[in-house]
Amino acid sequence: VGGRLGQELMEIVRSMGLLGLVAFGGSQAHLGILENLYVRERRWFGKDEYAFLEELAQSIPGAASTHMVFAIAYLRSGWVAGILALLLFYAPGFLVMAVLGVVVRLLGDVHWFSSVEHALGASAVGIFGLTLYRVGAKELRGRAAESVAFLTAAATISL
């Protein structure tokens, strides 16, 4: 594959491969990371186009980040790019979990790993917080919406 398509596929490989290694947290955190990379930094999509894709991804079954990873790469470079992006984005996590599963099975007691787990959890909370802030800044318009969001967050935290 050469020319423009080859360059686009290499962009997909580099960006999704890196995200697969460093994108901790759940789907909502991933959406913030994807938006930052592909709307703000690389400018592959405008804010409205990305928001529309995200709304579609949220409205169908499955993890929204899975849908967005595929959609971003597909819209950029076609089917091959979409499938490649999914593999690159999810393969590192799959491999880590497979290895950890084998370690747990072989060792049985893995309490020593709890400090690493807590550090990863703290990272995920930070990423999720940043995502919430960005979504709030983008979607909340007016004091009434901000008040409802604040009260909902306070009620959720208190539970």
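Look up a bit, the structure's there.
Given the structure is predicted, the values throughout are model-derived calculations rather than measurements.

## What about the nonpolar core?
Next, step 1: Within the largest apolar cluster, 23 residues are counted, with the highest numbers of intra-cluster contacts made by M16, L34, Y38, F45, Y50, M68 and I72.
Next, step 2: Every residue in contact with M68, bar those within four places of it in the chain, is listed here: L31, L34, Y50, L53, E54 and A57.

## Observations regarding helix 6 (residues 114-139)
Next, step 1: The terminal C-alpha atoms of helix 6, which comprises 26 residues, lie 36 Å apart, in line with the 38 Å expected from a rise of 1.5 Å per residue.
Next, step 2: Along helix 6, the residues that are buried comprise A124, T131 and G136.
Next, step 3: Buried residues along helix 6 sit against helix 2 (27-41).

## Some points on unusual backbone geometry
Next, step 1: Backbone geometry places R43, a non-glycine residue, at a positive phi of 55 degrees.
Next, step 2: Mapped onto the fold, R43 is located in the loop between helix 2 and helix 3 (47-58).
Next, step 3: R43 sits in the exposed class, given a relative accessible area of 65%.

## Some points on the pattern of salt bridges
Next, step 1: Enumeration over the complete set of coordinates arrives at one salt bridge.
Next, step 2: In this structure, E11 and R76 form a salt bridge, with 3.1 Å as the shortest nitrogen-oxygen distance. Of this pair, E11 sits in helix 1 (residues 3-22) while R76 sits in helix 4 (residues 64-77), placing them 65 residues apart in sequence.

Reading the values: the criteria
- In every chain, residue numbers begin from 1 and rise along the written sequence.
- Thresholds applied to this predicted model are a pLDDT of at least 70 for local features of residues and 80 or more for the giving and counting of side-chain atom pairs; totals over whole chains, interfaces and linings are not thresholded and use all residues.
- Hydrogens and waters are ignored; side-chain quantities use all the structure's heavy atoms.
- Within this scheme, the nonpolar core is defined by two criteria: the residues are buried Ala, Val, Leu, Ile, Met, Phe, Trp, Tyr or Cys, and they are joined through side-chain atoms within 4.5 Å.
- Each residue is placed in one exposure class: buried if its accessible area under a 1.4 Å probe, protein chains only, is under 20% of its type's maximum, exposed if it is over 50%, and partly exposed if it falls in between.
- Contact definition: two residues touch when any of their heavy atoms are within 4.5 Å.
- Helix numbering and strand numbering both begin at the N terminus, where a helix is a DSSP run of H or I of at least 4 residues and a strand a DSSP run of E of at least 2.
- Given the number of residues in a helix, its expected span is that number minus one, multiplied by 1.5 Å.
- Put simply, a salt bridge is a Lys or Arg side-chain nitrogen that is within 4 Å of an Asp or Glu carboxyl oxygen.

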